[in-house]
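# An overview of the molecular structure
Chain by chain, the residues run as shown.
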Amino acid sequence: MIVKHSRGQYPIQFRSFELPQGDIVILTDENLAREYPHLATKNCIVVEAGESSKLVETYIWVCEQMVLYRASRKTKLVALGGGVIGDLGGFVAATYMRGIPFIQVPTTLLAQVDSSVGGKVGLDLAAGKNLIGAFNPPSEVIIDTEFLKTLPERERQCGLAEVLKYGFILDPTILKDVHVVPIETIVRRCIELKKQVVEADEFETLGIRASLNFGHTVGHAIEQFTGYKKYTHGEAISVGMAVEAKIAAQMGLSQPEVTDTVISNLEEHGLPIHAPELEKVEELIELMKRDKKAENGKIAMSLVCSFGDCRLVTDVPTEVIRRALVSG
Ligand SMILES: NC(=O)c1ccc[n+]([C@@H]2O[C@H](COP(=O)([O-])OP(=O)(O)OC[C@H]3O[C@@H](n4cnc5c(N)ncnc54)[C@H](O)[C@@H]3O)[C@@H](O)[C@H]2O)c1
Ligand SMILES: [Zn+2]
């Protein structure tokens, strides 16, 4: 599969991953280095596992390690890990010596179906996630679903929430298939969908790419409110999709059956549809006003009107949000 972008294109290869030959540096995290020691050998930079590695301090340390390994402009950076490693590695590659090539080797379900494709890379600030970043497409993405065998169950669930999201916003056949077809097939289908969306709206300016944000306005607010500690991203957006489905129905944009189907699919997969934090209505609304889709204090959400039809609504009335949170 090939993804086209304004500066060229890159292939997505579905194959077993082996360390590439030649001038490479590998960036990975400590969990992967422990689980796959044969991949974390020469020229390997290992960072702590988790979101804390998307801080500027880690970024500087990684760049310094690159210098110690005598990485040049021709060196390829192999980002071997989940979304944290992909975002950090992609940002290092965007900026080290004004840019070097990098290969995405996503090892979580979330990174395989979402973050490794589309070219968004970045870092967090104390003030918020992904506040520093770039559009920096990889030179190649290698998808090896064997990596998913060692993924902890909670991380798998996290990715599953994004898989179901594709089912709700773009291709409802996924909702049935996810029960019966191998995970490789599901990953490939999700990547095809993400490819279509990012090719149609590379820089997120047309509202098309924003459709991938279903459940994320409420989900991000829950994550921020709980300091990114209590819930995984997938759990937070699962609750977010349940609440935003109710909002769409209350606004008359969708039929109540859509909400019921969203909720029943999430529940079937053991994903949460409720969080006690939803009672913190005013605090969550304040956070939603600071969401990057919001303009002039108006809350924006990508809402599913019917399965496969998701629209960016730029002025969701706070009264409707209040009601959905309270009933949530
Ligand atoms: N760039 C984008 O378009 C985009 C899209 C969505 C999310 N993201 C970013 O992705 C990040 C979340 O990604 P994530 O959920 O993959 O988190 P992650 O990279 O922290 O990985 C989750 C956990 O799984 C472990 N792990 C990874 N692969 C493993 C494997 N094969 N076996 C065992 N353990 C493994 C990691 O060590 C970590 O502890 C966030 O920072 C988010 O902002 C970026
Ligand atoms: Zn997400």
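Look above for the structure.
Residues numbered from 1 in each chain as written. Chains lettered and ligands numbered in written order. Predicted model: local features only at pLDDT ≥ 70, side-chain atom pairs only at ≥ 80, totals over all residues. Heavy atoms only, no water.

## Some remarks on the overall build of the protein
This is how the line gets drawn: Every helix listed is a DSSP run of H or I at least four residues long, and every strand listed is a run of E at least two residues long, numbered separately from the N terminus. As a reference, a globule follows 2.2 Å times the number of residues to the power 0.38, and the radius of gyration itself is taken over C-alpha atoms. Only protein chains enter the calculation, and the probe is 1.4 Å; a residue is then buried if its accessible area is under 20% of its type maximum, exposed if over 50%, and partly exposed in between. Whether two residues are in contact is decided by their heavy atoms, any of which lying within 4.5 Å being enough. All accessibility values rest on the Shrake-Rupley procedure with a 1.4 Å probe; residue burial counts only the protein chains present in the view.
Helix and strand counts for the protein stand at 12 helices and 11 strands. Computed over its C-alpha atoms, the radius of gyration of the protein comes to 19 Å, within 12% of the 20 Å expected for a compact globule of 328 residues. In the protein, which comprises 328 residues, the proportion classed as buried is 55%. Of the contacts made within the protein by residues no fewer than 6 positions apart, 69% connect residues no fewer than 24 positions apart. For the protein, the accessible surface area stands at approximately 14,400 Å², while carbon and sulfur atoms represent 52% of it.

## Notes on helix α6 (residues 173-180)
The test is simple: For this quantity, the arc is that covered by the directions from the helix axis to the C-beta atoms.
Of all the positions in α6, only Ile174, Leu175 and Val178 are classed as buried. Relative to the axis of α6, the buried residues are bounded by an arc of 105 degrees and lie together on one face. Relative to its buried face, α6 has exposed residues pointing more than 90 degrees away, namely Lys176 and Val180. Those residues of α6 hidden inside the fold are in contact with α5 (153-169), α7 (183-200) and α10 (256-268).

## Looking at the sheet that holds strand β9 (residues 140-143)
Threshold: Whether two strands pair depends on DSSP finding at least two bridges between them. Fitted lines through C-alpha atoms serve as axes, helices being fitted only where they are in contact, and the angles separating the N-to-C directions of these axes extend from 0 to 180 degrees.
The sheet built from 7 strands is open, its strands ordered β1-β2-β9-β6-β5-β3-β4 with mixed pairing. Edge positions in the sheet fall to β1 (2-5) and β4 (44-47), since each has one partner strand and no second. Averaged over all pairs of adjacent strands, the angle between their axes in this sheet comes to 20 degrees, without regard to strand direction. Looking at chain direction, strand β3 (residues 24-29) and β4 are connected through 4 bridges and run parallel. Bridge pairing links Leu27 to Ile45 in β4.

## Quick look at the coordination of the zinc ion (ligand 2)
In a perfect tetrahedron of four donors around a metal, the angles come out at 109.5 degrees. In a perfect octahedron of six, they are 90 or 180 degrees. This is how it is decided: Only nitrogen, oxygen and sulfur atoms qualify as donors, provided they sit within 2.8 Å of the metal or within 3.2 Å for Na, K and Ca; with water excluded from the atoms, sites may seem incomplete.
Looking at the zinc ion (ligand 2), one finds its protein donor set to be Glu162 (OE), His216 (NE2) and His233 (NE2), positioned 2.0 to 2.1 Å from the metal centre. Ordering the donors of the zinc ion (ligand 2) by residue number gives the pattern E-x53-H-x16-H. You can see Glu162 sitting in helix α5 and its partner His216 sitting in helix α8 (residues 216-225), a full 54 residues away along the chain. Both residues of the pair, Glu162 and His216, belong to the buried class.

## Examining the environment of Val67
For Val67, the position within the fold is in helix α2 (residues 56-68). On the accessibility criterion, Val67 (52% relative accessible area) is exposed. Separated by 249 residues in sequence, Val67 and Val316 have C-alpha atoms that sit 49 Å apart.

## Section: the environment of Gly82
Locating Gly82 in the fold gives a position in the loop between β5 (76-81) and α3 (83-95). Owing to a relative accessible area of 13%, Gly82 belongs among the buried residues under this scheme. Spatially, the C-alpha atom of Gly82 lies 8.1 Å from that of Leu109, the residues being 27 residues apart in sequence. Once residues within four sequence positions are removed from consideration, Gly82 is found in contact with Leu32, Thr107, Thr108 and Ala111.

## A few points about the nonpolar core
Where we set the bar: What makes a nonpolar core is a set of buried Ala, Val, Leu, Ile, Met, Phe, Trp, Tyr and Cys residues whose side-chain atoms join them at distances within 4.5 Å.
By size, the foremost hydrophobic cluster in this structure holds 41 residues, and its most contacted members are Ile12, Leu109, Val163, Phe168, Met241 and Leu266. Sorting the residues of this core by element identifies β2 (8-14), α4 (109-115), β9, α5, α6, α7, α9 (233-250) and α10 as the ones contributing at least two each. Ranked by size, the runner-up nonpolar core spans 25 residues in total, among them Tyr231, Ala236, Leu287 and Val320.

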